[in-house]
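# Structural characterization, general
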Amino acid sequence: MRGLFFFSNNKNKIIEIKKIFQTNKYKLLSLEDLNIDGEPEEIGRTFEENAKIKSEYGFNKTGIPCFADDSGICIESLNWKPGVHSKKFINKFKSKESCFKKIFQSIKNNGKKRAYFKTSISLTINKNENIIFNGKLEGTIAEKTDGRHGFGYDPIFIPRNFEETLAQLSINKKNEISHRSIAINKLISFIFN
Ligand code: IMP
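Everything numeric in this text was worked out from a predicted model, so none of it was measured.

Thresholds applied
Residues numbered from 1 in each chain as written. Predicted model: local features only at pLDDT ≥ 70, side-chain atom pairs only at ≥ 80, totals over all residues. Heavy atoms only, no water. Helix = DSSP H or I, 4+ residues; strand = E, 2+ residues; numbered from the N terminus. Rg over C-alpha atoms; globule rule 2.2 N^0.38 Å. Buried < 20%, exposed > 50% of the residue type's maximum accessible area, 1.4 Å probe, protein only. Contact = heavy atoms within 4.5 Å. Areas by Shrake-Rupley, 256 points an atom, 1.4 Å probe, with all protein chains shown as cover. Core = buried A, V, L, I, M, F, W, Y, C linked by side-chain atoms within 4.5 Å. Disulfide = S-S within 2.5 Å. Pairing = 2+ DSSP bridges. Salt bridge = Lys/Arg side-chain N within 4 Å of Asp/Glu carboxyl O. Phe/Tyr/Trp six-rings, centres within 6.5 Å; stacked < 30°, edge-to-face > 60°.

### Points about the overall build of the protein chain
The helix and strand tally for the protein chain stands at seven helices and seven strands. Taken from N to C terminus, the helices and strands of the protein chain fall in the order β-α-β-α-α-β-β-α-α-β-β-β-α-α. Here the C-alpha radius of gyration of the protein chain, 17 Å, is about what a compact globule of 193 residues would show, namely 16 Å. Projected onto its principal axes, the C-alpha positions of the protein chain cover 50 × 30 × 25 Å. Evaluated residue by residue, the protein chain yields a buried proportion of 47% over its 193 residues. Contacts in the protein chain between residues at least 24 apart in sequence constitute 59% of all its contacts with a sequence separation of at least 6. For the protein chain, the computed accessible surface area is about 11100 Å², with 48% contributed by carbon and sulfur atoms.

### A few points about the nonpolar core
Counting residues in hydrophobic clusters, the biggest one holds 20 residues, and the most contacted among them are Phe100, Ile103, Ile141 and Tyr153. If you list the elements that add at least two residues to this core, you get strand S3 (66-75), helix H4 (86-91), helix H5 (96-110), strand S5 (114-126) and strand S6 (129-141). If one sorts the elements of this core by residue count, H5 sits on top with five residues. Ignoring any residue separated from it by four or fewer positions in sequence, one finds isoleucine 141 in contact with Ile73, Ile75, Ile103, Phe104, Ile107, Lys113, Ala115 and Ile156. Grouped together as the second largest cluster of nonpolar side chains are 16 residues, Phe6, Ile14, Ile121 and Ala183 included.

### Here we look at the state of the cysteines
Enumeration over the complete set of coordinates arrives at zero disulfides. Counting only cysteine sulfurs, cysteine 99 is the nearest neighbor of cysteine 74, a cysteine outside any disulfide, at a range of 14 Å. Given a relative accessible area of 5%, cysteine 74 falls into the buried group.

### A look at unusual backbone geometry
Following lysine 81, the chain continues to proline 82 via a peptide bond in cis, the omega torsion being 5 degrees. Within the fold, proline 82 resides in strand S4 (residues 81-82). The backbone of asparagine 161 sits at a positive phi, close to 70 degrees, despite the residue not being glycine. Using a relative accessible area of 76% as the deciding quantity, one classes asparagine 161 as exposed.

### Remarks on the pairing of S5
Across the 13 residues of S5, ten count as buried, placing the element largely inside the fold. One ladder, built from ten bridges, connects S3 with S5; its direction is antiparallel. Bridge pairing in S5 places aspartate 69 opposite isoleucine 121. Taking the residues between adjacent antiparallel strands as the criterion, S5 and S6 are bridged by two residues, where asparagine 128 takes a positive phi near 60 degrees.

### Points about the pattern of salt bridges
One pass over the full model with this rule turns up eleven salt bridges. A salt bridge links glutamate 42 to lysine 54; the shortest N-O distance between them is 3.4 Å. In this pair, glutamate 42 is assigned in the loop between helix H2 (31-34) and helix H3 (47-62) and lysine 54 in helix H3, connecting sequence segments twelve residues apart. Relative accessible area serves as the criterion here: at 40%, glutamate 42 is assigned to the partly exposed category. Judged by its relative accessible area of 9%, lysine 54 is buried. Of the charged contacts in the structure, one is a salt bridge between aspartate 146 and lysine 144, with a shortest N-O distance of 3.2 Å. Taking the relative accessible area as the measure of exposure, lysine 144 reaches 52% and is therefore exposed.

### Concerning the packing of aromatic side chains
What the rule picks out here adds up to eight aromatic pairs. Ring centres of phenylalanine 6 and phenylalanine 67 lie 4.7 Å apart, and the angle between their planes is 25 degrees; on these two criteria the pair is classed as stacked. You can see phenylalanine 6 sitting in strand S1 (residues 4-6) and its partner phenylalanine 67 sitting in strand S3, a full 61 residues away along the chain. Phenylalanine 67 matches phenylalanine 6 in its accessibility class, with the two residues each being buried. Each ring, one from phenylalanine 89 and one from phenylalanine 93, has its centre 5.3 Å from the other, and the planes form 75 degrees; the classification is edge-to-face.

What follows is the structure, given as structure tokens:
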């Protein structure tokens, strides 16, 4: 493969993923490197569809093989929502705390504590040639928020076989088990093996 383009506006993700590719002596291009602006509307109903919308957009703009990701949390007590709307859902509350309160209340109402994070990565290597890599992290919603690491829903999510929330785990530990790292590792082994 000539070069590879990672389509994302998230600076932290770009830094994280560029690091992984550097250790493999592989040049990863980002939106900034290619001087591209604009982004497609994420109108997919699944993580896979949204990731594919983004990777196809990047490929069509540049002709360079392109990958993109989409992630979120699915919560049993909310009928497995917010899913692809995870960012919108948390942002519509006045604070993260009031969002978490709403989630805790839904569990008090129906007793359903399960949840999972999912990441889908789509790699577009040619027109209409996409490969999808998925990662899933299963667990439960905690009884109260805890921890100061991470972001988003980390303070209320306890991974299966753990007693702490994701926000109580170190970043390195989270990266060992996370939905995102599972999907990225599948992409990496596809590219480098
Ligand atoms: P994105 O598609 O990776 O940007 O994720 C969309 C939204 O899902 C984020 O804004 C977070 O609210 C939530 N999310 C995704 N991954 C994680 C995670 O690892 N921890 C906590 N929240 C996450």
